Amino acid sequence: MLFDYETYKIIWWGFVGVLLIGFALTDGFDFGIGMALPFLGKNDTERRVIINTIGPTWEGNQTWFIAAGGCLFAAWPLVYAAAFSGFYLALMLCLFALFFRPVGFDYRSKIADPRWRSTWDWCLFIGGFVPPLIFGIAFGNLLQGVPFRYDDSMRLEYTGSFLDLLNPFALLAGALSVSMLAMHGATYLHQKTEDVIAHRARKVAFGAALITALLFAAAGIWVASGIDGYRIVAMPDASSSFMPIAKTVQRASGAWLDNYERWPLTLAFPATVFAGSLLVMLFSARRQPLLAFLSSGLTVAAVILTAGAAMFPFVMPSSLAPGSSLTAWDAVASHKSLAVMFWVVVIMLPIVVAYTGWVYRVVSGKVTEQHIRDNEHTAY
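So, how was this worked out
Residues numbered from 1 in each chain as written. Predicted model: local features only at pLDDT ≥ 70, side-chain atom pairs only at ≥ 80, totals over all residues. Heavy atoms only, no water. Helix = DSSP H or I, 4+ residues; strand = E, 2+ residues; numbered from the N terminus. Buried < 20%, exposed > 50% of the residue type's maximum accessible area, 1.4 Å probe, protein only. Polar contact = N/O pair within 3.5 Å; in protein donor to acceptor, adjacent residues only side chain to side chain. Disulfide = S-S within 2.5 Å. Patch = residues over 30% accessible without salt bridge, like charges linked within 9 Å, V, L, I, M, F, W, Y side chains within 5 Å. Areas by Shrake-Rupley, 256 points an atom, 1.4 Å probe, with all protein chains shown as cover. Salt bridge = Lys/Arg side-chain N within 4 Å of Asp/Glu carboxyl O. Core = buried A, V, L, I, M, F, W, Y, C linked by side-chain atoms within 4.5 Å. Contact = heavy atoms within 4.5 Å. 1 Å grid on protein atoms, 1.4 Å probe; cavity = no way out; pocket = protein on both sides within 12 Å on 5 of 7 lines; lining within 4 Å. Points joined across faces, edges and corners; volume = space filled by probe spheres on them. Nonpolar A, V, L, I, M, F, W, Y, C, P; charged D, E, K, R; others polar. Expected span 1.5 Å × (residues − 1). Arc of directions from axis to C-beta.

Colleague: Tell me about the side chain of Thr193, residues and numbers included.
Modeller: Here Thr193 shows up in the loop between α8 (168–192) and α9 (195–226). Of the residues examined, Thr193 reaches a relative accessible area of 2% and is grouped as buried. A polar contact is formed between the side chain of Thr193 and the backbone oxygen of Leu189, at a distance of 2.6 Å.

This is the structure we're talking about:
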């Protein structure tokens, strides 16, 4: 095999992070546009313009979500099982919200009745708003720890409930996720449209960037001073295969800051969130939509990297029994499985990235009201 087991474990931490960032950068602006649709489009033609900015690409963007879920199952099977046990109702709610998107896109313009189209517009809003909210709430709960544990036979016990997930910090994290993707969607819409829609999108991007920076700062202060983090005190050799309960984990105030003290360069991630948000506001105010969109993408990636840097190597900490926490060292598949999947990702990921880039090149350019009128029966 090309690398030892420990190295593969670290590599797969990075792979999953790349896929999550890819999902947030691509499908993230789809969510942002969906949640803005009923508000930025004042009539049917304007709403069709908004929908058609993402019409040719939203299905391809969603494959990043599928790929991330597949890699989670293949590389971190224990995390996949525990997450679906603990977040089952939340994930089902997210899944049903996602159902509104393909149906809404395909059926909205089939009937000219204003009530029919308005109903699907709000369905698309739900499909754009609910998933980012749930993803943010999930990450907020991960930072606090999830109430599960393993017994001596590695049987999983989960003691929480759906309502327990809706705690104040998790709701703050959910609001941050929503504002972040609203900003990303608005910057994309700004560069893909013109005139009045672009003007509205520019204003939304500016406001959402400001809210994102403020919520991120509030979450950071809360994590640093009000939430106990986790640190590994003792565990077997990272290059070996061992069960999660074989390690000792300590829960302590400020533990989520350990990695930033150990590797000071990681402080660039939270700093980039603030810098990126300010650049979004600057470029939006100066009517430079492409630069605003790139700055928005930088901000989104930096938010995810900030959380990942703080939590490493933890993937799913346990508030009920810290020693049962799942980490990059003990929640992974076998050495051989990681090695085989490594080559699959190395070969396929560049192809996916290249194909995605080609698609966006083909559909580049602005969507206008004239385009909708010229393609009345083929546009969404």
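Colleague: Give me the state of the cysteines: which residues, what numbers.
Modeller: What makes a disulfide is a covalent bond joining the sulfur atoms belonging to two cysteines. Under the definition given, this model contains 0 disulfides. Lacking any disulfide linkage, Cys94 is separated from the closest cysteine sulfur, that of Cys123, by 16 Å.

Colleague: For a nonpolar patch on the surface, give the residues involved together with the corresponding values.
Modeller: On the surface, Leu2, Phe3, Val340, Trp343, Val344, Val346, Ile347, Met348 and Ile351 cluster together to form a nonpolar patch covering roughly 810 Å² of accessible area. The topology assignment puts Val344 in helix α13 (residues 335–362). On the basis of relative accessible area, Val344 is assigned to the partly exposed category, the value being 47%.

Colleague: So what's going on with the nonpolar core? Which residues, and what values?
Modeller: One finds Trp12, Trp76, Trp256, Met316, Leu326 and Leu338 to be the most contacted residues of the largest nonpolar core, which totals 82 residues. The element contributing the most residues to this core is helix α1 (residues 5–40), with 12 residues. If sequence neighbours within four positions are ignored, Trp76 has contacts with Trp12, Trp13, Val16, Cys71, Val315, Ala331 and Val332.

Colleague: How would you summarise the pattern of salt bridges if you had to cite specific residues and measurements?
Modeller: The full count for this structure, using the stated rule, is 12 salt bridges. Note that Glu369 and Arg373 form a salt bridge whose closest N and O atoms lie 3.7 Å from each other. Placement of the pair is Glu369 and Arg373 together in helix α14 (residues 369–374), with a separation of 4 residues, close to one helical turn. Judged by relative accessible area, which is 28%, Glu369 ranks as partly exposed. For Arg373, a relative accessible area of 47% corresponds to the partly exposed category.

Colleague: So what about the layout of surface pockets? Which residues, and what values?
Modeller: Over the atoms, a rolling probe the size of a water molecule traces out where space has been left empty. Approximately 450 Å³ is the volume found for the second largest pocket. Around the second largest pocket sit 22 residues that line it, and Leu19, Thr63, Ala67, Leu349 and Val352 are the ones nearest its centre. Counting only elements with at least two residues in the lining of the second largest pocket, the list comes to α1, α3 (58–75) and α13. When residues in the lining of the second largest pocket are grouped by element, the largest group, 10 residues, is from α13. Considering only residue class, the lining of the second largest pocket consists of 16 nonpolar, 6 polar and no charged.

Colleague: Explain helix α5 (residues 88–107) residue by residue, including any values.
Modeller: The terminal C-alpha atoms of α5 lie 29 Å apart, and with 20 residues this matches the ideal 28 Å at 1.5 Å per residue to within 8%. Inspection of α5 places Ala90, Cys94, Ala97, Leu98, Arg101, Gly104 and Phe105 among the buried residues, and these make up the whole buried set. Projection of α5 onto a plane perpendicular to its axis shows the buried side chains occupying an angular sector of 115°, all on one side. Against the buried residues of α5 lie α1, α2 (44–54), α3, α6 (114–144) and α7 (162–165).

Colleague: Residue-level account of α6, with values.
Modeller: Counted at 1.5 Å a residue, the expected span for α6 with its 31 residues is 45 Å, and the 45 Å between its end C-alpha atoms agrees. Backbone nitrogen of Arg115 and a side-chain oxygen of the N-cap are separated by 3.0 Å at the start of α6; the cap is Asp113. Positioned one or two residues after α6, Gly145 has a phi angle of 100°, which is positive.

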